Each structure stands twice: as structure tokens, then as C-alpha cells.
Amino acid sequence: MIDLVLVGIGTGNPEHLTLQAIRELNAADLILIPRKGRDTADLAELRRAICTQVLTNPATRIAEFDMPRRNAADPDYRRGVAHWHDAIAGVWTEAIRSNLPQDQDQDAAGGGTVALLVWGDPALYDSTLRIAARLTPAPAVRSIPGIMSLNMLAAAHAIALNDIGAPFLVTTGRQLRDHGWPQGADTVAVMLDGDCSFQHIAADDVTIHWGAYVGMAQQILLSGPLAQTGPRIIAARAEARARHGWIMDIYLLRRSTGDGQPDGSAEGAAGASFPAHGGQVRAIMRHFPDAPRPFIDLSTGINPDSYPLDMPAPQVLARLPEADEEDDLRAAAAAAYGAADPAMVAAGPGSQSLMSLLPRVISASAACILGPTYSGHATAWRQAGAAVREVFDPDGLMRQSAQPGTVCIVCNPNNPDGRILPATMLRDLADRCASHGNHLVVDEAFADFDGESLIPALPHPGLIVLRSFGKTYGLPGVRLGFLLASPETAERARNLIGAWPVGSLALAAGRQALRDRQWLEHARLTASRAHDRLARLLDGAGLRHVGQARLFTLVRTDGAPDLWAHLCRHGIVTRIFDTQPDALRLGLPGTEEAWTRLDGALRTWRRKGPKAAG
């Protein structure tokens, strides 16, 4: 007979394993690890890492198997789940039969101990026990308890699960969406919610405590009033899923009982909603009515010294752009960026719009992105139906470049951490992509000031480069960006954009500024000096910062939300990240008044400490 041991492993952190769990894994003859497709390869890797760390028995074998997928289109949910469980049980049976010695008289495994690693605890919202009951012949099943994500959520937010003498209820997103707030409970924990079902309940007097990847290195936590925090969670969840290819999250809803007692929130000093992108200064500063004016926007990586543009005559704006003007803009861009032929250039209303166009320009079923980075690329490919995966080292990107139908994406310099990769490395990656029929997209939005461009390598069968005009020339409202590629690919992009790809103001600005090399050299020098000055201010405040890009710097500190709020109270807006809670990006101040105010705010932060300064 087979002994089947279902081992709760917590939320993926090897430190969450109990001594009993470690003992059972080492006593097993076979450990089965499921694979759930390329998007969730990290989950299988976490299980492998756990085994590597805790296994000391050389006789224990590890075998992997492919998990069947549930038919989400089946209108009968329970029937669909039952069929899915039958399929999983069949795969388990075959995996056990193939990896354990067979009985001599029958085509089945003869005996031994098989362990399955189960997220959280096998007893709570996990179907492993029900699937085990479908195995034939029936094994002897034992369940080893593990730390649940619900425990980790409460610990991470430092909250109690229940109020004094009051119950709490655990349910699923489907139940919350279809039946509303459960009766008889003011505190509800919600699991297995892929649709953010909290959107379907009244948000009045409700606090939410949300966590993704709780207990793991990439943990994300948000909490606060549901009305304000819900949209932040939706955005953070989408970005995290795009980055990792998968997400496991859980949340607790607590309804006010009207007794005036605090809800135990650990939201911290920030208090206001974090922005989804840079800018949005007026919306943010409504939360800080006593902040001094004028507000100083350091939330973007835009050059604060704008190009002195000669505005076109009013009659130019009163007619449609001419074809020869568009041709001249492409010629100016080709010369400025080092492209051999204007036919390699497509202009568009900002590099963001060209980013969104890419899934129509090139065909790919999967996108692999070197992260952490700007979320726009992941969003564009995910909306196009591609499987999106984020890797965190160039070697991982190089490996993925050989996978059929994959587009590889690199921001160089990177946003928000200012990482710069050598052009030779990226050229090798482009060659490898092309050799497998794939493409490399290099987003050079900040490359006018930093790094070595890959544009001189064009035309190249596997390379596309994006450039931003507004960031370099301090004119983001002009909305102008460029896609540079082989003439065939650039022509396809131009055809997809259609007639009049940019307006007359963008044509005038681009044709002037891109030919003004003297201004650009002066702007580079000015930005370099300002970047060094900003670094000195941050050093003086005791703040660690990283990055090689001249137009912005990334601060790494556990007190990032508090520092963001502290600067807002001084009328200074910076960029905070829901998915990187220890990161704060600062652009360059553009005036002496801005420098003086930032210096004073950072001195206060250093003198009083994070909590007092907030």
C-alpha cells in the first residue's frame, strides 16, 4: 500500500516548514512536484528550493508532473471542478506508478511513502485531500499541518483576526461576489479571489488588509479604507501578476461596528493613495492641504530644463500636417539617434503609445521582461493575450530568448533603478533572439543622457528600439516618441499608426530640438551636475540610493512610504511604488527654490528620524 503524506509548506518560505514537515519529507521515498505551465514556473522552483534546503536523505527521489488545467468555460462550476479533480487524480496515479517499484502481480505501484508539498495547510481551501480520496487503489493518507496564508496576512499587518468576543468568517472571492457580505460577521477573510471581488460590496466603513506573496521575498502589503485602497490593490495586483506571471493573494475585510475603536491598521504614516504613475500632482496633494506651494514635482524622470521651443505660427496649427514635414521629422530623428536610414523610423504620440502598438507590430505568444521595470510593457503584452514573465538577471533573459514565440524586453537605462547594461551584451541578446525567430525590444527612453544606444546596430532582424522625446527635452506634453527597427518593421508600424501619426506641434518641436546638438550637450552636462548634487543631499540625509541614470535616482529605505509622505508635507511629490515598498524615485529639481526646499525637508528627516518627521 502507498502511504500518501500531504505536507503543508506555508507560503513558500522554507523557514515556515515545521519540524514535523521536514521529518516527513526526509522519510518519503518519493516527492512529487507539480508543474503548472511556464507562467507559474516560479512555483515549481519554490518547491524545488524547499526540497534542496531541507532534504538530507539521499534516497528520497523527486519527480515532477504536469498539472491538468480546469475548464473555466464549463458553466457548471462544481461539475467542472469534479472533472478537474478526476484528471489530477489520474496524473498522480501515473506519476506514482512510474516512479515507485511496481507489484509483481499487477500494474500498480507496490508500496512506499509519497509526499506532496501543499501550499499553506491541506485542510483549508485546498483540494488535495479530496483529490487523494479519488485515487485507486486508495492510499493511506496523512495530513501534516502548515502555516496558512491567513496567519501570515495577520502577522504581516500586525492585526488580530477577530475583535473581542466576535467571530470572523473565511470565504472565497466567488462567494463574496455572488452573495455579498456574509451575515453574522463583521470580519471576513477572503481567499481564492482572482477578480478582486471586494469591488462588489459597499465600501462604506470597511477597512481592507491585503497581501500578495505573503511571507515571500516579493511580499506586497496594502491596507486602509476600502474606498481609497481598493483601486490601489487592483493596480498593484495587475502589475505584480504581469511581473511574475502568477500571484497568490489574500485579504481581510473589517466592517466598522460603530464603537469608535481603532481597526488595528498598520498602514503607517503615508495615509494618502499612492499614484499609479509619475505626475498626478494635484490629485496627490489634495491629501496634504497644509503643504507649501508651489508644489515641486520630482515624481518623473523628465528633464526639468525644457528645450526653448520656437512655437509654430497659429496658421500651422490650423491645417493638417504635410507629408514632407513628417518625412523631415524622421530624418531628424534618424540623424539624432544614429540610424543609417530614415526608413527605419516610425514616429508616434509618445513612446507609451508605441509600446502599446508593439504586439501588433511583431507576433509573439510570450513576453519576457528584465525587471523590475516600467509596468507599461507588461501591461501591453498581457492585454494582447501574451504570457508575461519577468526575470531579474540578464542570464534569465538570455535563456528565455530561445523559447519559440518570445519577445524579450529590456529598458536601458532601466526605470526606476537606473541600471545600465552594456550594448555588447544587448547586441548578443538581439542576435540570439533573431537566431530563434524572436525579437528584442530595447526601451531607450532615457538613453539620450546615459548608456550606449543599440540603434547603430540597425537594421537587425531581431531588434526594435524605442526612444522618448519628451523626457530628454523636458517637453512631455508634446507627446512624441519613436520606434526604430528594420525598414520593413518600421513601415509596418507606420501603417498601423495610420495617417498623421503626430500633430503639428510635435512635428515642429521634434524638427527643431533633434537637430540642436549644442543644446543637448549642454543639457547632458547640466543633468550630470544636478544628479551629483542630488546624490550629495541624499548622502547627507543618510539615505542609500542607486542608479546610473542622470535624470533620476532611486532611494532604497524601509521607510519609503513615510519618506514619501514627509516630502509631500513639504510640498514635494516623489514616486512611490506599491510593488516595491522600500523604493522611492526622485527626479531632478529645476530651480534653486526647489533645491532649497528639498534640502530642508531631507535635513528634517535626518534630524528627527522617520517616525517623528512624519
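Here the structure is shown first, and the text comes after it.
Rules used throughout
- Residues numbered from 1 in each chain as written.
- Predicted model: local features only at pLDDT ≥ 70, side-chain atom pairs only at ≥ 80, totals over all residues.
- Heavy atoms only, no water.
- Helix = DSSP H or I, 4+ residues; strand = E, 2+ residues; numbered from the N terminus.
- Rg over C-alpha atoms; globule rule 2.2 N^0.38 Å.
- Buried < 20%, exposed > 50% of the residue type's maximum accessible area, 1.4 Å probe, protein only.
- Contact = heavy atoms within 4.5 Å.
- Core = buried A, V, L, I, M, F, W, Y, C linked by side-chain atoms within 4.5 Å.
- Pairing = 2+ DSSP bridges.
- Axes fitted to C-alpha atoms, helices over the stretch in contact; angles between N-to-C directions.
- Parallel < 35°, antiparallel > 145°, perpendicular 65-115°, else oblique.
- Nonpolar A, V, L, I, M, F, W, Y, C, P; charged D, E, K, R; others polar.

Q: If you had to explain the overall build of the protein to someone new, which residues and values would you point to?
A: Of regular secondary structure, the protein possesses 21 helices and 23 strands. Taken over C-alpha atoms, the radius of gyration comes to 28 Å for the protein, in line with the 25 Å a tight globule of 614 residues would show. The C-alpha extent of the protein, read off along each of the three principal axes, is 90 × 60 × 45 Å. Here the protein holds 614 residues, and the buried ones make up 53% of them.

Q: Describe helix 17 (residues 504-513), listing the residues and the values that go with them.
A: Taken across its 10 residues, helix 17 has seven buried, putting it largely inside the fold. If you check which residues of helix 17 are buried, you get Ser504, Ala506, Leu507, Ala508, Ala509, Gly510 and Ala513. Elements that come into contact with the buried residues of helix 17 comprise helix 9 (314-317), helix 10 (323-337) and helix 15 (470-473).

Q: So what about the environment of glycine 230? Which residues, and what values?
A: In this structure, glycine 230 sits in helix 7 (residues 226-244). Owing to a relative accessible area of 3%, glycine 230 belongs among the buried residues under this scheme. In this structure, the C-alpha to C-alpha distance between glycine 230 and threonine 207, residues 23 residues apart in sequence, is 9.6 Å. When near neighbours in sequence (up to four residues on either side) are disregarded, glycine 230 contacts Phe198 and Pro225.

Q: Please set out the environment of serine 504 residue by residue, giving values where relevant.
A: Looking at where serine 504 falls in the secondary structure, it is placed in helix 17. What makes serine 504 buried here is its relative accessible area of 11%. A C-alpha to C-alpha distance of 8.1 Å links serine 504 and proline 312, two positions 192 residues apart in sequence. Not counting chain neighbours up to four residues away, the residues in contact with serine 504 comprise Val316, Leu317, Arg319 and Pro321.

Q: Go over the nonpolar core with me, naming the residues and quoting the values.
A: If you look at the biggest cluster of nonpolar residues, it comprises 87 residues, and the most contacted ones within it are Leu440, Phe482 and Leu514. The greatest single-element share of this core, amounting to eight residues, is contributed by helix 18 (residues 517-540). Formed by 41 residues, the second largest nonpolar core is a distinct cluster that contains Val54, Ala212, Ile247 and Tyr251.

Q: So what's going on with helix 12 (residues 376-383)? Residues and values would help.
A: Within helix 12, burial applies to Gly376, His377, Ala378, Ala380 and Trp381. Immediately downstream of helix 12, the backbone of glycine 385 shows phi near 90 degrees, a positive value.

Q: Lay out the pairing of strand 17 (residues 463-468) with the relevant residues and their values.
A: For a regular strand, side chains alternate in direction, first toward one face of the sheet and then toward the other. Burial runs high along strand 17: six of the six residues are buried. Bridge analysis of strand 16 (residues 439-443) against strand 17 gives four bridges, and the strand direction is parallel. For aspartate 443, the partnering residue across the bridge sits in strand 17 and is leucine 466. Alignment of strand 17 against strand 18 (residues 481-484), held across four bridges, turns out to be antiparallel. The partner of valine 465 across the bridge, within strand 18, is leucine 484.

Q: Let's hear about the sheet that holds strand 14 (residues 387-391): which residues, and what values?
A: The seven strands lie next to each other as 12-18-17-16-15-13-14, forming an open sheet whose pairing is mixed. Of all the strands in the sheet, just strand 12 (345-348) and strand 14 have a single pairing partner and so form its edges. Put simply, the sheet's adjacent strands are angled 20 degrees from each other on average, direction ignored. Relative to strand 15 (residues 406-411), helix 12 is tilted by about 160 degrees, and along the sheet it contacts strand 13 (366-370), strand 14, strand 15, strand 16 and strand 17.

Q: Any details on the packing of helix 18 against helix 20 (residues 592-608)? Residues and values, ideally.
A: Across the interface, helix 18 lies against helix 20 with an axial gap of 9 Å and an inter-helix angle of 20 degrees. It follows from the interaxial angle that helix 18 and helix 20 lie roughly parallel. In this structure, helix 18 uses Ala530, Arg533, Leu534, Leu537, Leu538, Asp539 and Gly540 to contact helix 20, whose residues at the interface are Glu592, Trp595, Leu598, Asp599, Leu602 and Arg606. When its residues are assigned to classes, the contact of helix 18 with helix 20 shows seven nonpolar, one polar and five charged.

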